[in-house]
Amino acid sequence: MIRKTMTVLALGLAMTAAGANLALAQSAAAKAAVDAGKASGTVGEQADGYLGIVSGGDAALRAAVAEINTGRTAAYKDIAAKTGVTPEAAGQATAKQLYAKVGPGQYWKPLDGGWVKK
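The structure displayed is predicted, hence computed values, not measured ones.

Student: Help me understand the packing of aromatic side chains in this model?
Tutor: Counted under the stated rule, the structure contains two aromatic pairs. Aromatic pair Tyr 50 and Tyr 76: ring centres 5.4 Å apart, planes at 80°, arrangement edge-to-face. With Tyr 50 in the loop between β1 (43–46) and β2 (51–53) and Tyr 76 in helix α3 (residues 59–83), this residue pair connects regions lying 26 residues apart in the sequence. Relative to Trp 108, the ring of Tyr 99 lies with its centre 4.7 Å away and its plane at 65°, an arrangement referred to as edge-to-face. Classification of Tyr 99 by relative accessible area gives partly exposed; the value is 36%. Residue placement shows Lys 118 over the ring face of Tyr 99; its charged tip is 4.2 Å from the ring centre.

Student: Explain the nonpolar core to me, please; I cannot follow it from the model alone.
Tutor: General note: in soluble globular proteins, nonpolar side chains tend to be found buried as a group. Counting eight residues, the largest nonpolar core is built from Ala 30, Val 34, Val 43, Leu 51, Leu 61, Ala 64, Val 65 and Ile 68. Going through the elements one at a time, α2 (28–40) and α3 are the ones with two or more residues in this core. For this core, the leading source of residues is α3, giving four residues. In contact with Val 43, other than residues within four places in its own chain, are Val 34, Gly 37, Lys 38, Leu 51, Gly 52, Ile 53, Val 54, Leu 61 and Val 65.

Student: Would you mind showing me how to read the side chain of Glu 45 here?
Tutor: Relative to the helices and strands, Glu 45 resides in strand β1. There is a polar contact of 2.9 Å between the side chain of Glu 45 and the side chain of Lys 38. Among the polar contacts listed, one links the side chain of Glu 45 to the side chain of Arg 72, at a separation of 2.8 Å. Each residue touching Glu 45, except ones within four places of it in the same chain, is listed here: Lys 38, Tyr 50, Leu 51, Arg 72, Leu 98, Val 102, Tyr 107, Trp 108, Lys 109 and Trp 115.

Conventions adopted
- In this convention, every chain numbers its residues from 1, walking through the sequence in written order.
- Predicted model: local features are reported for residues with pLDDT of at least 70 only, side-chain atom pairs are reported and counted for 80 or more only, and whole-chain, interface and lining totals are derived from all residues.
- As a rule here, side-chain values cover all heavy atoms of the structure and leave hydrogens and water aside.
- A pair of aromatic rings is counted whenever rings of Phe, Tyr or Trp (Trp by its six-membered ring) have centres within 6.5 Å, and the orientation is called stacked for planes under 30 degrees apart, edge-to-face for over 60 and tilted otherwise.
- Note on conventions: DSSP H or I runs of at least 4 residues are helices, E runs of at least 2 residues are strands, and numbering of each starts at the N terminus.
- Only protein chains enter the accessibility calculation, which uses a 1.4 Å probe; a residue is then buried when its area is under 20% of its type maximum, exposed when over 50%, and partly exposed in between.
- In this analysis the charged atom, NZ for Lys or CZ for Arg, is taken to sit over a ring once it is within 6 Å of the ring centre and within 35 degrees of the ring normal.
- Definition of nonpolar core: a set of buried residues of the types Ala, Val, Leu, Ile, Met, Phe, Trp, Tyr and Cys, connected through side-chain atoms within 4.5 Å.
- Between two residues, a contact is recorded if the distance between any of their heavy atoms is within 4.5 Å.
- Any pair of N or O atoms that falls within 3.5 Å is considered a polar contact. Within protein, one atom must be able to donate a hydrogen and the other to accept it, and sequence-neighbouring residues count only if both atoms are side-chain atoms.

What follows is the structure in structure tokens.
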């Protein structure tokens, strides 16, 4: 029980640090493109901790999403190594924090469903 509690606490601290790592793992141009995509309903957050294309999107937007997702993959692997969880668990835990930041009218994709407008 104590070990599980310590793991959860460590994961929580790592998730806080992940926010900073996620921000550093992207260019300003990619962030701007994705922010615009979120506002227009073209890009959404997913429950696995990654961005996804809701619909449409040109090659530049898809490249921006891929760039940010590559950075997130690296951050989740780092968190997993530090906390003893899988990268998938780290991504899903981060997704819970990202969901809180999804604005009204933006899209979210649960693990077991399609895109939902918040």
